[in-house]
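Secondary and tertiary structure notes
If you want the building blocks of each chain, they are given just below.
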Amino acid sequence: MPIRRSLALVVAAALIAFGPAPSRADDNTIVFGAALAETGRDAREGALTKEGYDFWKDYVNSHGGLKVGGKTYKVDISYADDETNAQTSARLVEKFINQDHVNFILGPYGSATAFASAAVVERYKVPMVEGNGSSEKIFNQGFHYIFAVLSPARRYLEFVIDLALHQNPRPKTVAIVAANDLFSLEVAQGAADYATSHGLQVVYNNKYPADTTDVSSIVSAIKAANPDIILNGGHLQDALLLQKGFKEQNVLAKLYGYSVGPDTPDFRKALGNDANYVFGGTQWSPTAKYHGAAGFISDSKAYAKAFNAKYGHIPDYHNAESTATCLAFQYAIEDAGSLDPQKVRDALARLNVVTFYGILKFDDRGINVYKPMAVNQIQNGNLLTVWPSAVANAKPLYPAPDWSKR
Amino acid sequence: MGGISGSRPALLAVVAVLGALLLVPALHNGYYENLCRGILMFGAMALGWNFIGGYTGYVSFGNVVYFGLGAYTSAALAEHGVENVWVAMPLAMVVAAVFAVVLGLPILRLRGHYFGIATLGIALATQEIIANVDALGGGTGVTLRQAEWFSQYYYAMWLVCAASLLVTWLAARSKFGYALVAIRENEDAAAVLGINATAYKIAAWAISGMMAAPAGAVFAFANGFVDPPTAFSVDNNVFPIVMTILGGAGTVAGPVVGAIVLTAINETLWSHFPQIHTLFFGAVIVLVVLFLPRGLLYLRRGARGGWRGFLGSLTVYRV
Amino acid sequence: MNLLLQVLVNGLLAGGILAVVALGFSLVWGIMNIINLAHGAFVMMGAYLSYVLFASFGLDPFASVPIAFVVMFGFGYLVQRFVINFVVRAPILTTFLLTFGLSLLLVNLVLLIFHGDSKAVTPAYLGSNFSLGPVTVAWTKLWTLVVALAITGAIALWLSRSKTGRAIRATSMDIGAAQLSGVRVAHIYAIVFALGAGLAGAAGVLVGINQTLNPSMGDPYIIKAFVVCVLGGLGSVEGALVGGLLYGVLEALGSQFIGTGLQDAVALVVLLLVLVVRPRGLLGRAVA
């Protein structure tokens, strides 16, 4: 009997010893590790991120690869499902670095997962660039190895408010509601600060549990506050629930703005006509008029066209910012002329390049404060850029009419 | 030995493994260190669950609350500039003990299913409440600066697991342990015999918390990040229970054996079948419950009588 | 005042679904003494069934309710005969773990087939509403409540009038006496569990109409079912109904006036208070 038990323990030890999958090592390929949400709350957004990453990978590989210090490399991305779970994300990143010996890390979707992974890459001193976690809290920790190509969370709804303030009649009151998670709370805080400093009265400001399935109470409360503008910091799921809830309880605001949701094709598909007139803060738009540096598609429209041809839908900003994430690495690696993590990290820190997505430059905390946001609106089932006028391809429609008229 | 301590050879094997685990940081492999630290963590949590669920017979479905409280003790300290795991651990134990005594008085009056749900409710409610306390990071979570000497967290976790094992062993050989088992077998009879069931139950629950909480405190530092879903996760709640059952509830070594075996299985599944590892894990749980309801350590009894005896034991609970 | 009325209405509407979700759970627990942690997975499967029918055939979700009931009834019967039956008289921990493992299996199977992104059942009339004075009522939510009440009524009737129903009640009161009277207990248990699953499936369709679908959508409903059973009392149909409506109202009131961030915590605190003060709930039998 003792033998049987000891055997069990030995077997267990053997499983642990031989369990992990073999590590990859190939001299001619630069390998990136990417832990993304394939399941869980952010599964949809994780899928969009993956599309963005893969688009870049296929483009680079079909255009001769990356030239680093005189040698040409192909690129490959190793994926794993972090289940929208911060702890899993951190574990996977550690596994990528320790077991699989990847060269660099591409960030996950979401701020909480990025936050957790940041601690890991900092410890192992492997640079990570992400394009889908905009919370500034991550970058206020003094980390040196994480960079974000997207604009900070606070900015998401500022331009929406800006747009509103330029409309006639000028709105006076705003209701802000956010999911109780890192990203959404910062979005809400940014919106609240911007609103108050620009003369709007915040008549409702509250949060709901991050994975809530019922928002009727919040909707009722917002209705009772009777705001001109309703703003939401959250993700696709809550955006859908809220917009549905507003219709159900016949909430009549003049403007509805969401941080995440309107840009995704799923939002329009699920809501049909009820999605019309909704505004969304966006990190990028196909109408953006940047002229990117050599080495990749230089123009937003061309990117959108190529992406659509490959994936069957016009890229939303999640796709674009993910591609931009990879671009940051591309230019930094070529600038560093080496795959040494420290050199690449330093090259990232001093990166200053314009791409189809906008300028890629990081402040000394590592986040891209130099790229402006824009505002999209859904009009007749189409997503159009309406603000600021420099990048707009349509005029904003305001105020939103009765539900029956959408 | 024997009695309520469980199998002696198993205990010796576990002690040997623990000794070996002490050497892991010397390998300088972050992955293995992480993995073994996880085994130690779950070992401590399983021992904690075993104390209230296995020995005392009060099946708690919310012991993760202690782990979470421990993790947040570290987080709270970090928010106030004290980033020292060795301070966090004892403080976490105090928090757990207070929590157990305050809530134990009303909750431990419930029996069976009701106690289980009540503990689950407590865990969920605590998670929600903490998510709304901005001073603890609210829904956004807290990062903890990690020390230069990272392996100290490994040793700290080892200490928690080893101490928990020691306490369990001591209790199993003492009057305290026998009193708990008496309560488990027939609480009313035990009371008639003069055992102050309430006091013993609360003590048991407090001790179980004092094993899980420091594990959480160390975890917070080792992970570098704590938020409500991470600290109070379903995995952290269920794994210790499954591990204890797998190894053998109501024994000293069982929880640790279960922790080792289940971690090995889980890790293997995770590495080789990342898409469906949870699916397999669910299957593992179902199989364990159906075929090994009394755990690996009791396998001997089922094996008596050969195959027919084993199959017969499967249908013992049928209608 | 208007807000209060709206909140109460919200609560009642939400409570109707909870009553149906909890009914199946309560029957299985009250009669078989099994806490089925896979109940949430059954709810989720019902919702996905309605999604498949809607997406493939355009079938109106309300029409899927009886279909989901029948399909999940069959599924539940099989699960009981071949899995649950082995642990019917086992200690609670065994059934807890077994049903938990089962839940993991089912959720992950659905995940594998349908992937993790959320789906929606979107019939054209979604969101349409009418006003009752200061209160706005969504049609889908109202119909959900009506269907929920109908289901509850039908089950209550069946349990008290039909032969099987009476056998079930007899079994829950005294197994020995029931067996002596000729009741085949194994069969009854299978029927009860199947009934629980069928009700979960039907409830799942109703839930799916009112929120988006994803493989983990059923998880929160288990703890809610617990609360409803504890509030209303185990094993009684009226208890599930009263408990469900009461819970819905309490959750709505709590989230509105104590804090939307705390809406789940409020419900759980209520659960704990009830457990401590009156474990048998409002309409349940006294607990041994």
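To be clear, the structure that these remarks concern was listed above.
To keep things clear, this report deals only with the structure shown in the data block. Only a predicted model underlies this, so the values are computations on that prediction, with no experimental measurement involved.

**Observations regarding the overall build of chain B**
- Helices and strands together make up the secondary structure of chain B, namely 15 helices and two strands.
- Counting every position in chain B, which comprises 319 residues, the buried fraction comes to 64%.
- In chain B, once contacts between residues fewer than 6 apart in sequence are set aside, the share between residues at least 24 apart is 79%.
- Accessible surface, chain B: about 11,500 Å² in total, of which carbon and sulfur atoms supply 66%.

**Looking at the overall build of chain A**
- For chain A, the count of helices and strands is 13 helices and 15 strands.
- For 406 residues, the compact-globule estimate of 2.2 N^0.38 gives 22 Å, and the C-alpha radius of gyration of chain A, at 22 Å, lies within 12% of that figure.
- Buried residues in chain A amount to 63% of all 406 residues.
- Here the contacts in chain A between residues at least 6 apart in sequence split such that 69% fall between residues at least 24 apart.
- Of the roughly 13,700 Å² of accessible surface on chain A, 52% is carried by carbon and sulfur atoms.

**With respect to the side chain of Ser285(A)**
Residue and element names in this part refer to chain A.
- Looking at where Ser 285 falls in the secondary structure, it is placed in the loop between strand E11 (279–282) and helix H11 (300–311).
- For Ser 285, a relative accessible area of 3% gives the class buried.
- Of the polar contacts made by the side chain of Ser 285, one reaches the side chain of Thr 287; its length is 2.8 Å.
- Polar side-chain contacts of Ser 285 include one of 2.3 Å to the side chain of Thr 385.
- Residue contacts for Ser 285: discarding those within four places in its chain leaves Ser 300, Asn 376 and Thr 385.

**Structural notes on the pairing of strand E12 (residues 352–355) of chain A**
All names here are of chain A.
- Alternating residues of E12 divide into Val 353 and Thr 355, all buried, and Asn 352 and Val 354, none buried.
- Judged from the four bridges that link them, E12 and strand E13 (residues 358–361) form a sheet pairing that is antiparallel. Counterpart to Val 354 in the pairing with E13 is Ile 359.
- Where E12 folds back on E13, the antiparallel hairpin that results is connected by two residues.

**Quick look at the interface of chain A and chain C**
- Taken together, the 30 residues of chain A in the interface contact 29 residues of chain C.
- Interface of chain A and chain C: buried area, both sides summed, is about 2,300 Å²; carbon and sulfur atoms make up 48% of it.
- Counting every contact that joins chain A to chain C gives one salt bridge.
- Between Lys141(C) and Glu248(A) there is a salt bridge; the shortest N-O distance is 2.9 Å.
- The interface formed by chain A and chain C contains ten residue pairs in polar contact (both at pLDDT 80 or more).
- Elements supplying a minimum of two residues to the side of chain A that touches chain C: helix H2 (43–62), strand E8 (201–208), helix H8 (216–225) and helix H9 (236–248) of chain A.

**Comments concerning the pairing of E8(A)**
Residue and element names in this part refer to chain A.
- Note: strand E7 (residues 173–179) against E8, seven bridges, orientation parallel. Residue pairing across strands places Val 177 opposite Asn 206, the latter belonging to E8.
- As for the winding sense of the linkage, the β-α-β connection from E7 through helix H7 (residues 182–197) to E8 is right-handed.

**Overview of the sheet that holds strand E2 (residues 66–68) of chain A**
Residue and element names in this part refer to chain A.
- Spatially, six strands are ordered E2-E3-E1-E4-E5-E6 in an open sheet, and the strand pairing comes out mixed. Each of the sheet's edge strands pairs with one partner strand only, and the pair in question is E2 and strand E6 (146–148). Looking at each pair of strands side by side, their axes are set apart by 30° on average, direction ignored.
- Across two bridges, the pairing between strand E4 (residues 104–106) and strand E5 (residues 128–130) is parallel. By the bridge assignment, Leu 106 is partnered in E5 with Val 129.
- Along the sheet face, H2 touches strand E1 (29–36), E2, strand E3 (71–81) and E4 and points at about 165° away from the line of E3.

**A closer look at unusual backbone geometry**
Residue and element names in this part refer to chain A.
- Each neighbour pair has its own omega, and for Asn 168 with Pro 169 the value is 0°, a cis peptide bond.
- Here Pro 169 is to be found in the loop between helix H6 (158–165) and E7.
- Looking along the chain, the bond that leaves Tyr 398 and enters Pro 399 is cis, with omega of -5°.
- Tracing the chain through its elements places Pro 399 in the segment after strand E15 (382–387).
- The phi dihedral of Asn 380 falls on the positive side, at around 55°, and the residue is not glycine.
- Owing to a relative accessible area of 71%, Asn 380 belongs among the exposed residues under this scheme.

**Notes on the environment of Gly33(A)**
- Within the secondary structure, Gly33(A) is located in strand E1.
- Not counting residues within four places of it along the chain, the set of residues in contact with Gly33(A) comprises Ser78(A), Phe96(A), Val102(A), Phe104(A), Ile105(A) and Leu106(A).

**Examining the side chain of Gln237(A)**
- Position of Gln237(A) relative to the elements: it lies in helix H9.
- Beyond its immediate chain neighbours, meaning those up to four positions away, Gln237(A) contacts Arg41(A), Ser118(C), Thr212(C) and Asn214(C).

**Overview of the packing of helix H1 (residues 2–32) of chain C against helix H10 (residues 237–257) of chain C**
Residues and elements named next belong to chain C.
- At a minimum axis separation of 6 Å, H1 and H10 run at an interaxial angle of 140°. The angle between the axes of H1 and H10 places the two elements in the oblique class. Crossing geometry of H1 relative to H10 is assigned as right-handed. Contacts from Leu 3, Leu 4, Val 7, Leu 8, Gly 11, Leu 12, Gly 15, Gly 16, Leu 18, Ala 19 and Leu 23 of H1 reach H10 at Val 237, Ala 240, Leu 241, Gly 244, Leu 245, Tyr 247, Gly 248, Val 249, Ala 252, Leu 253, Gln 256 and Phe 257.
- When the residues that make up the contact of H1 with H10 are grouped by side-chain class, the tally is 17 nonpolar, six polar and no charged.

**Focus: the interface of chain C and chain B**
- Between chain C and chain B, the residue contacts involve 45 residues of the former and 40 residues of the latter.
- Between chain C and chain B, the buried area comes to about 3,900 Å², and carbon and sulfur atoms account for 81% of it.
- It is Phe86(C), Leu93(C) and Leu97(C) in chain C that bury the most area against chain B; as a group they hold 16% of the surface buried on that side.
- The interface formed by chain C and chain B contains zero salt bridges.

Cut-offs applied
- Residues numbered from 1 in each chain as written.
- Chains lettered and ligands numbered in written order.
- Predicted model: local features only at pLDDT ≥ 70, side-chain atom pairs only at ≥ 80, totals over all residues.
- Heavy atoms only, no water.
- Helix = DSSP H or I, 4+ residues; strand = E, 2+ residues; numbered from the N terminus.
- Buried < 20%, exposed > 50% of the residue type's maximum accessible area, 1.4 Å probe, protein only.
- Contact = heavy atoms within 4.5 Å.
- Areas by Shrake-Rupley, 256 points an atom, 1.4 Å probe, with all protein chains shown as cover.
- Rg over C-alpha atoms; globule rule 2.2 N^0.38 Å.
- Polar contact = N/O pair within 3.5 Å; in protein donor to acceptor, adjacent residues only side chain to side chain.
- Pairing = 2+ DSSP bridges.
- Buried area = accessible area lost by both parts, 1.4 Å probe.
- Salt bridge = Lys/Arg side-chain N within 4 Å of Asp/Glu carboxyl O.
- Right-handed = clockwise from strand over helix to strand, strands pointing away.
- Axes fitted to C-alpha atoms, helices over the stretch in contact; angles between N-to-C directions.
- Parallel < 35°, antiparallel > 145°, perpendicular 65-115°, else oblique.
- Left-handed = near helix turned anticlockwise from the far one by under 90°.
- Nonpolar A, V, L, I, M, F, W, Y, C, P; charged D, E, K, R; others polar.

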